[in-house]
Amino acid sequence: MRKDKYKVQVGDTLYQASKSYNKVFAWKVLEIWLEDYISGVKTILRCTNGTWSEEFFSSDVKEWFDT
C-alpha cells in the first residue's frame, strides 16, 4: 500500500468496485493531464483495463482502491 493514498502516478494499477457489474475492474493509469473547464481546472486520467481505455476525473479515481 502506498504511503500517500491520494497520490496517483502513471503506471499505477487501481481497482474499481462496480456494483452494477458485480465485479472489480483493474485499471492501469496511462496518462495524467489538466483541463480547464468553466468550473475550474480538473485533473484527468486516461486508464486502460486491457480491453478498452477511458478518461476519468481524479475526483472519481480517488474513490478507487490501490490493493
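Residues numbered from 1 in each chain as written. Predicted model: local features only at pLDDT ≥ 70, side-chain atom pairs only at ≥ 80, totals over all residues. Heavy atoms only, no water.

Undergrad: An account of the pattern of salt bridges is requested, with residue identities and associated values reported.
TA: For the structure on display, the rule yields 2 salt bridges. The partner of R46 in a salt bridge is E31, and the shortest N-O contact between them spans 3.0 Å. Pair noted here: R46 is in strand β3 (residues 40-48) and E31 is in strand β2 (residues 23-37), with a separation of 15 residues, a long-range link. Overall, the relative accessible area of 25% leaves R46 in the partly exposed class. What emerges from the salt-bridge pattern is a single network uniting E31, R46 and E55. (Salt bridge = Lys/Arg side-chain N within 4 Å of Asp/Glu carboxyl O. Helix = DSSP H or I, 4+ residues; strand = E, 2+ residues; numbered from the N terminus. Buried < 20%, exposed > 50% of the residue type's maximum accessible area, 1.4 Å probe, protein only.)

Undergrad: I'd like a description of unusual backbone geometry, backed by residues and values.
TA: Residue N22 is not a glycine yet carries a positive backbone phi of 55°. Relative to the helices and strands, N22 is located in the loop between β1 (13-18) and β2.

Undergrad: Lay out the packing of aromatic side chains in plain terms, naming residues and giving numbers.
TA: Taken as a whole, this structure holds 8 aromatic pairs when the rule is applied. Residues Y21 and F25 carry aromatic rings whose centres are separated by 5.7 Å and whose planes lie at 85° to one another, so their mutual orientation is edge-to-face. A residue is classified by how much of its surface remains accessible, and Y21, at 61% relative accessible area, is exposed. Here W27 and W52 contribute two aromatic rings whose centre-to-centre distance is 6.1 Å and whose plane-to-plane angle is 75°, an arrangement assigned as edge-to-face. In this pair, W27 sits in strand β2 while W52 sits in the loop between β3 and β4 (53-57), placing the two residues 25 residues apart along the sequence. (Phe/Tyr/Trp six-rings, centres within 6.5 Å; stacked < 30°, edge-to-face > 60°.)

Undergrad: So what's going on with the sheet that holds β3? Which residues, and what values?
TA: Judged by pairing direction, the sheet is antiparallel, and its 4 strands sit side by side in the order β1-β2-β3-β4 without closing on themselves. Both edges of this open sheet fall to β1 and β4, since each of them pairs with a single strand only. Within this sheet the neighbouring strands show an average axis-to-axis angle of 45°, counted without direction. Examined bridge by bridge, β3 and β4 share 5 bridges and lie antiparallel to one another. If you follow R46 over to β4, its bridge partner there is E55. (Pairing = 2+ DSSP bridges. Axes fitted to C-alpha atoms, helices over the stretch in contact; angles between N-to-C directions.)

Undergrad: Kindly report on the nonpolar core, identifying the contributing residues and their values.
TA: L14, F25, W27, V29, L45, C47, F56, V61 and W64 form the largest nonpolar core, which has 9 residues in total. Broken down by secondary-structure element, the contributors of at least two residues to this core are β2 and β3. Top element by residues in this core is β2. It accounts for 3 residues. Among all residues touching L45, those that are not within four sequence positions of it are V8, V29, E31, I32, E54, E55, F56, S58 and V61. (Core = buried A, V, L, I, M, F, W, Y, C linked by side-chain atoms within 4.5 Å. Contact = heavy atoms within 4.5 Å.)

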